[in-house]
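If you want the building blocks of each chain, they are given just below.
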Amino acid sequence: MQEILLIGFYQPDEPLIRFLESAQQEFHLPIRYLQEFAPLGTGGGLYHFRDQILAGGPEAFFVLNADVCSDFPLGAMLAAHRRQPRPFLLLGTTANRTQSLNYGCIVENPQTHEVLHYVEKPSTFVSDIINCGIYLFSPEALKPLRDVFQRNQQERQLYLPLREDTNGLWPGAGTIRLEQDVFSALAGQGQIYVHLTDGIWSQIKSAGSALYASRLYLSQYQVTHPERLTRPASGGPRIRGNVYIHPTAKVAPTAVLGPNVSIGEGVTVGEGVRLRETIVLHGATLQEHTCVLHSIVGWGSTVGRWARVEGTPNDPNPNDPRAHMDSESLFKDGKLLPAITILGCRVRIPAEVLILNSIVLPHKELSRSFTNQIIL
């Protein structure tokens with residue numbers, strides 16, 4: 001691995017810059033953020049920044065969507081690519097028939113693993129193999145993106161007047177949908193192949209899926225990084241299942257943590273606190289005898305003594321090994337649906353109140369209990 005590029009439309013801010021700097025120090029790799037001039041879709045940024053991507057003459061490059069969690073079998077994908085070099089290699093996994101309609105569906109040749117047919121979010125069942133949003137492309141993969149760009153340019157010349165501020169680029173010509181414009185068009189032409197995985201994978205498109213992703217990673221640590229998991233110890237808190245505690249966090253010995261709890265840098269957990277299925281971000285304080293279940297506590301927030309913060313999980317069907325998280329809307333008929341509770345940064349929850357199935361926006365100081373609300 002030579003370099004990591006983050007591509008996005010959003011204006012870089014101080015937290016992103018700090019993240020890039022710390023990541024470079026941790027991984028000893030150059031990491032850069034490339035900002036698109038406009039939202040360019042899932043493939044437009046790849047073509048727009050093609051010179052930066054191809055700088056140094058890479059053998060191939062990985063493309064990872066930012067909204068997925070996985071064990072990322074990149075080594076296995078690279079080995080498969082070297083055995084059978086092709087422009088596009090997609091990582092695929094299986095889903096049940098109903099949930100497959102929410103993803104890009106892949107029909108493969110079971111002997112060669114060539115992608116014969118690709119449909120993005122079909123209206124009827126096509127295949128139980130779905131696109132994971134994790135790819136390995138050869139430099140030749142940019143040529144079909146160029147063809148799409150040129151076709152968009154020609155089509156817009158026919159229908160749209162050129163504005164003075166476009167510098168010769170027709171509006172929207174740079175937008176490329178990798179799935180519809182490239183994968184669907186090239187399927188069955190010997191250019192796209194799929195590498196199947198039975199490892200962990202999930203999209204992160206809803207609040208509840210963040211907790212589910214945390215659970216998957218903590219479970220993965222049992223195999224890949226057991227040293228990161230906290231073990232029960234004399235004089236320490238009671239640990240149930242997979243728990244991560246940052247070395248700088250202060251946790252009282254009478255606290256009960258787990259399963260699936262992650263405690264960030266500089267967090268303080270008081271006596272008698274109960275945490276389950278929860279992420280506590282850096283600098284938060286949980287005072288004595290608080291109970292936090294199925295929730296995310298934002299950085300710098302404080303939960304008062306004997307308060308209860310609780311959400312409702314929306315987990316995949318545990319009886320279906322091919323089930324995935326449903327990325328459902330937070331609202332229905334104008335009402336907030338039951339979901340995990342989220343406390344934004346620097347929220348203050350007073351003592352002896354209940355916050356249930358709610359979202360508290362940053363810098364709020366509450367004075368009473370709330371249920372099923374967004375607190376502005």
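Quick caveat, the model's predicted, so the values are computed rather than measured.

Asker: I'm lost on the overall build of the chain in this one. Help?
Answerer: Secondary structure assignment for the chain yields 7 helices and 29 strands. Taking 21 Å as the expected radius of gyration for a compact globule of 376 residues, we find that the chain reaches 23 Å, a close match to that expectation. With the C-alpha coordinates aligned to their principal axes, the bounding extent of the chain is approximately 65 × 50 × 45 Å. Long-range contacts, defined here as pairs at least 24 residues apart, represent 49% of the contacts in the chain between residues at least 6 apart. Of the accessible surface of the chain, which amounts to about 19,500 Å², a share of 52% is contributed by carbon and sulfur atoms. Across the chain, the mean location of the 32 positive side-chain charges is 4 Å away from that of the 35 negative side-chain charges.

Asker: Teacher, can you tell me more about the UniProt feature "domain: Nucleotidyl transferase" (unreviewed entry) in the chain here?
Answerer: Cross-referencing UniProt, the feature "domain: Nucleotidyl transferase" (unreviewed entry) maps to residues 4-146 in the present numbering. The span residues 4-146 carries 29% helix and 31% strand; its end-to-end C-alpha distance comes to 22 Å.

Asker: Quick question: what am I supposed to make of helix H6 (residues 178-186) here?
Answerer: Quick reminder: α-helices carry 3.6 residues per turn. Residues three or four places apart thus point the same way. Looking at H6, one finds that the buried residues are Leu178, Glu179, Asp181, Val182, Phe183 and Leu186. Gly188, located one to two residues past H6, shows a positive phi value of around 85°.

Asker: Please explain the pattern of salt bridges as it appears in this structure.
Answerer: Pairs can form between side chains of opposite charge once their charged atoms are near each other. Per the stated rule, a full pass over the model turns up 10 salt bridges. The partner of Glu14 in a salt bridge is Arg18, with the nearest N and O atoms 3.1 Å apart. Highlighted residues: Glu14 and Arg18, both in helix H1 (residues 14-27), separated by 4 residues, approximately one helical turn. Given a relative accessible area of 47%, Arg18 falls into the partly exposed group. Between Arg308 and Glu310 there is a salt bridge; the shortest N-O distance is 2.8 Å. What makes Arg308 partly exposed here is its relative accessible area of 36%. Beyond isolated ion pairs, a larger network of salt bridges with shared partners links Arg215, Glu277 and Asp315.

Asker: What is the right way to look at the layout of surface pockets in this model?
Answerer: The probe, sized like a water molecule, is rolled over the atoms to show the empty space still left. Looking at the second largest pocket, its volume works out to about 290 Å³. Together, 19 residues line the second largest pocket, and Tyr212, Pro321, Arg322, Ala323 and His324 are the ones closest to its centre. Mapped by element, the contributors of at least two residues to the lining of the second largest pocket are strand E5 (88-94) and helix H7 (207-224). Residue contributions to the lining of the second largest pocket peak at 3 residues, all from H7.

Asker: Looking at this model, I keep getting lost on the state of the cysteines. Mind explaining?
Answerer: Any covalent bond linking the sulfur atoms of two cysteines counts as a disulfide. The final tally for this structure, using the stated rule, is 0 disulfides. Its sulfur unpaired, Cys132 is 10 Å from the next cysteine sulfur, which belongs to Cys69.

Asker: Would you take a moment to explain the sheet that holds strand E16 (residues 268-269) for this structure?
Answerer: The strands that make up a sheet pair up through hydrogen bonds in the backbone, lying either parallel or antiparallel. Reading across the sheet, the 5 strands line up as E13-E16-E18-E20-E25 and stay open at both edges, with parallel pairing between neighbours. Only two strands of the sheet have a single partner each, and these edge strands are strand E13 (250-251) and strand E25 (348-349). Of the strand pairs in this sheet, E16 and strand E18 (residues 285-286) are connected by 2 bridges, and their pairing is parallel. Within E18, the residue paired with Val269 across the bridge is Leu286.

Asker: In this structure, what is going on with the packing of aromatic side chains? I would like to understand it.
Answerer: Aromatic rings in a pair are described by how distant their centres are and how their planes are angled relative to each other. Under the counting rule described, the total for this entry stands at 10 aromatic pairs. Judged by centre distance (5.9 Å) and plane angle (80°), the rings of Phe61 and Phe137 are edge-to-face. Of the two residues, Phe61 is situated in strand E3 (residues 61-64) and Phe137 in strand E8 (residues 129-137); the sequence distance between them amounts to 76 residues. For the residue pair Phe61 and Phe137, the accessibility class agrees, reading buried in each case. Judged by centre distance (5.5 Å) and plane angle (15°), the ring pair of Tyr135 and Phe137 falls under stacked. One exposure class covers both Tyr135 and Phe137, and it is buried.

Asker: Would you mind showing me how to read the side chain of Thr197 here?
Answerer: Here Thr197 is to be found in the loop between strand E9 (192-196) and strand E10 (201-203). The class for Thr197 is buried, based on a relative accessible area of 15%. Contacts of Thr197, omitting those with residues within four sequence positions, involve Pro73, Leu91, Gly92 and Thr93.

Asker: Can you help me understand the nonpolar core in this one?
Answerer: Most often, soluble globular proteins keep nonpolar side chains buried together rather than apart. Formed by 29 residues in total, the largest nonpolar core has its most connected members in Leu257, Ile263, Leu275, Leu286, Leu343 and Ile349. For this core, the secondary structure elements donating two or more residues are strand E12 (243-245), strand E15 (261-263), strand E17 (274-280) and strand E19 (291-297). The residues touching Leu286, leaving out its near neighbours within four places in the chain, are Thr268, Val269, Gly270, Val273, Leu275, Val280, Val292, Val297 and Val303. Core analysis: the next-biggest nonpolar cluster, separate from the first, contains 26 residues, Tyr47, Val63, Val115 and Leu178 among them.

Asker: What's the story with unusual backbone geometry in this structure? I'm lost.
Answerer: Glycine aside, residues mostly have negative phi angles, and peptide bonds mostly take the trans form. Of note, the bond from Gly258 into Pro259 is cis; its omega dihedral lies within 30 degrees of zero at 0°. Residue position: Pro259 is located in the loop between strand E14 (256-257) and E15. A positive phi angle is found at His28, which is not glycine, with a value near 55°. Considering the arrangement of structural elements, one finds His28 in the loop between H1 and strand E2 (31-35). The exposed category is assigned to His28, whose relative accessible area is 69%. Positive phi, close to 60°, is recorded for Trp306, a residue that is not glycine. With respect to the helices and strands, the residue Trp306 is situated in the loop between strand E20 (302-303) and strand E21 (308-310). With a relative accessible area of 56%, Trp306 lands in the exposed category.

Thresholds applied
- Residues numbered from 1 in each chain as written.
- Predicted model: local features only at pLDDT ≥ 70, side-chain atom pairs only at ≥ 80, totals over all residues.
- Heavy atoms only, no water.
- Helix = DSSP H or I, 4+ residues; strand = E, 2+ residues; numbered from the N terminus.
- Rg over C-alpha atoms; globule rule 2.2 N^0.38 Å.
- Contact = heavy atoms within 4.5 Å.
- Areas by Shrake-Rupley, 256 points an atom, 1.4 Å probe, with all protein chains shown as cover.
- Lys, Arg positive; Asp, Glu negative; His and termini not counted.
- Charge placed at Lys NZ, Arg CZ, Asp CG, Glu CD.
- UniProt positions renumbered as here; feature names shortened; annotations may be inferred.
- Buried < 20%, exposed > 50% of the residue type's maximum accessible area, 1.4 Å probe, protein only.
- Salt bridge = Lys/Arg side-chain N within 4 Å of Asp/Glu carboxyl O.
- 1 Å grid on protein atoms, 1.4 Å probe; cavity = no way out; pocket = protein on both sides within 12 Å on 5 of 7 lines; lining within 4 Å.
- Points joined across faces, edges and corners; volume = space filled by probe spheres on them.
- Disulfide = S-S within 2.5 Å.
- Pairing = 2+ DSSP bridges.
- Phe/Tyr/Trp six-rings, centres within 6.5 Å; stacked < 30°, edge-to-face > 60°.
- Core = buried A, V, L, I, M, F, W, Y, C linked by side-chain atoms within 4.5 Å.

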